[in-house]
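Chain by chain, the residues:
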Amino acid sequence: GSATGLAYLWGLDKIGMKQAWGLLPQWGTPPGSLPIVAVVDSGIDYTQPELAGQMWAPYGVNIIYERSTAVNKLNDCSDVQRKDPLDMDGHGTEVAGTIAAKGNNYQTSDFRTYTVGVTQYARLMAVKITCRHGNDNFELPYLTDAIAGIEYAVRMKASVIIGPWGFTVPLPNSLVDDLRTVIKNGESTALYVASSGNGDMDIDAGSVPLWPQRLGLQNLIVVAATDPSDMRWVNKPGFLGSNYGASSVDIGAPGADGTTYSVQAGGVSPTTTATTAAAYGGTSAAAPHVAGCAALLQTIR
């Protein structure tokens, strides 16, 4: 990260990260054991220099691979499937970068190339539950894979779990019951952070059965996206805007589409290098600000 680059990381300034970092021991000196943040998404590009040193060993799990004989076929994704959770899409890597991209490693005149995450004191666990399908960049996971991924993260003692996705499933549905169970099973050990979604909808409405956002669990926090003016993010190209809900949504965090910068996965395209940072956004950018803060709070004694 660099001081100049923080101009592109306006969200960190909005949530007072420079003041929060001042409460910590000397930068780069971990305060004891580090909390584990599980990114339940498209994996993480653990070869990315901004993330390589922040990874939990042995990185995590590729649920798609592990469950391929039972649920999925390996050719269900256009990416070559591997046993490890390498991100070939980019979504999970962007989320991971906002949480914990390495700081104090500015090495180039292009201050957009390097970035910094909310916390330096976390280990990133990659839980790959989705990938690229056909010519699309990102597909929602199967609900069964999402459930298996959360179950893994709880079992491996992640203290923060982030799932920047949601399922619109009418009730009754046994898989929604299973989703509730696996998140609730981590109630005493893990905070689950969910994005509110990008549909510009009131998700409290009975016509929007969005899960896990409407589960109302004690260890679930649902995050809407805000813009640089601290207003709910709306009407940006590509998305309708942040979902909202007086009961279902707990907090807003910076995430206006096209203005939030994070690291990119090297597998996105042949022209993408492992050190490139670029803009992304939506509630998938807002939720990792909260997940990073939750991990950081565990290291402030």
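See the structure shown above.
Below is a summary of the structure that appears in this document. (Residues numbered from 1 in each chain as written. Predicted model: local features only at pLDDT ≥ 70, side-chain atom pairs only at ≥ 80, totals over all residues. Heavy atoms only, no water.)

**Digging into the overall build of the protein chain**
- Scanning the protein chain for helices and strands turns up eight helices and 11 strands.
- Per-residue burial for the protein chain yields a buried fraction of 55% across its 301 residues.
- For the protein chain, long-range pairs separated by at least 24 residues make up 79% of all intrachain contacts whose partners lie at least 6 apart in sequence.
- Put simply, the protein chain shows about 12,600 Å² of open surface, and 53% of that area lies on carbon and sulfur atoms. (Helix = DSSP H or I, 4+ residues; strand = E, 2+ residues; numbered from the N terminus. Buried < 20%, exposed > 50% of the residue type's maximum accessible area, 1.4 Å probe, protein only. Contact = heavy atoms within 4.5 Å. Areas by Shrake-Rupley, 256 points an atom, 1.4 Å probe, with all protein chains shown as cover.)

**Structural notes on helix H8 (residues 283-297)**
- Given a rise of 1.5 Å per residue, 15 residues ought to cover 21 Å, and the 21 Å separating the end C-alpha atoms of H8 matches this to within 8%.
- Within H8, 13 of the 15 residues are buried, which leaves it mostly tucked inside the rest of the structure. (Expected span 1.5 Å × (residues − 1).)

**Topic: the nonpolar core**
- Met125, Val127 and Ile161 are the most contacted members of the largest nonpolar core, which totals 39 residues.
- If you list the elements that add at least two residues to this core, you get strand E1 (36-41), strand E2 (55-62), strand E3 (123-128), helix H6 (143-155), helix H7 (174-184), strand E6 (191-195), strand E7 (210-211) and strand E8 (220-226).
- Here this core gets eight residues from one element, more than from any other, and that element is H6.
- Ignoring any residue separated from it by four or fewer positions in sequence, one finds Ile161 in contact with Ala38, Val40, Ile150, Ala153, Val154, Ala190, Leu191, Tyr192 and Val193.
- In this structure, Ala122, Val193, Ala225 and Val263 belong to the second largest nonpolar core, which totals 32 residues. (Core = buried A, V, L, I, M, F, W, Y, C linked by side-chain atoms within 4.5 Å.)

**Observations concerning the pairing of E3**
- Burial within E3 is extensive, with five of its six residues counted as buried.
- Here E2 pairs with E3 via four bridges, running parallel. The residue of E3 that forms the bridge with Val61 is Val127. (Pairing = 2+ DSSP bridges.)

**A look at the pairing of strand E4 (residues 160-163)**
- Residues Val160 and Ile162 of E4 are buried on one face, and the alternating residues Ile161 and Gly163, pointing to the opposite face, are buried as well.
- Alignment of E1 against E4, held across three bridges, turns out to be parallel. Bridging across to E4, Ala38 finds its partner in Ile161.

**Focus on the sheet that holds E8**
- Strands sit in the order E2-E3-E1-E4-E6-E8-E9 across an open sheet of seven strands; the sheet is parallel. The open sheet has two free edges, formed respectively by E2 and strand E9 (251-254), since each of these has just one partner strand. Neighbouring strand axes in the sheet, compared pairwise and without regard to direction, differ in orientation by 25° on average.
- As paired elements, E6 and E8 share four bridges and run parallel to each other. If you follow Val193 over to E8, its bridge partner there is Ile221.
- Most of the contacts of H8 go to E8, to which it runs at about 130°, and overall it touches E1, E4, E6, E8 and E9. (Axes fitted to C-alpha atoms, helices over the stretch in contact; angles between N-to-C directions.)

**Let's talk about unusual backbone geometry**
- Across the junction of Ala57 and Pro58, the peptide omega takes the value 10°, indicating a cis bond.
- Tracing the backbone through its elements, the reader meets Pro58 in strand E2.
- Put simply, Trp211 and Pro212 share a cis peptide bond, and its omega is 5°.
- Its location among the elements puts Pro212 in the loop between E7 and E8.
- With a phi close to 55°, Asp200 is a non-glycine residue in the positive phi region.
- Looking at the element boundaries, Asp200 is found in the loop between E6 and E7.

**Considering the packing of aromatic side chains**
- By the definition in use, this model includes two aromatic pairs.
- Ring geometry for Tyr46 versus Tyr59: centroids 4.2 Å apart, planes at 10°, classification stacked. In this pair, Tyr46 is assigned in the loop between E1 and helix H3 (49-52) and Tyr59 in strand E2, connecting sequence segments 13 residues apart.
- The partly exposed category is assigned to Tyr59, whose relative accessible area is 33%. (Phe/Tyr/Trp six-rings, centres within 6.5 Å; stacked < 30°, edge-to-face > 60°.)

**Focus on H7**
- For H7, the full list of buried residues reads Val176, Leu179, Val182 and Ile183. The buried side chains of H7 occupy one side of the element, clustering within an arc of 125° when seen end-on.
- Lining the buried residues of H7 we find H6, E6 and E7.
- The N-capping residue of H7, defined by a side-chain oxygen 2.8 Å from the backbone nitrogen of Leu175, is Asn173. (Arc of directions from axis to C-beta. Polar contact = N/O pair within 3.5 Å; in protein donor to acceptor, adjacent residues only side chain to side chain.)

**Structural notes on the packing of helix H5 (residues 91-100) against H8**
- Relative orientation of the contacting elements H5 and H8 amounts to 40°, with a least axis distance of 8 Å. Judged by the inter-axis angle, H5 sits oblique to H8. For the pair H5 and H8, the crossing hand works out as right-handed. Between H5, through His91, Val95, Thr98 and Ile99, and H8, the contact on the second element is made entirely by Ser284, Ala285, Pro288, His289, Ala291 and Gly292. (Parallel < 35°, antiparallel > 145°, perpendicular 65-115°, else oblique. Left-handed = near helix turned anticlockwise from the far one by under 90°.)

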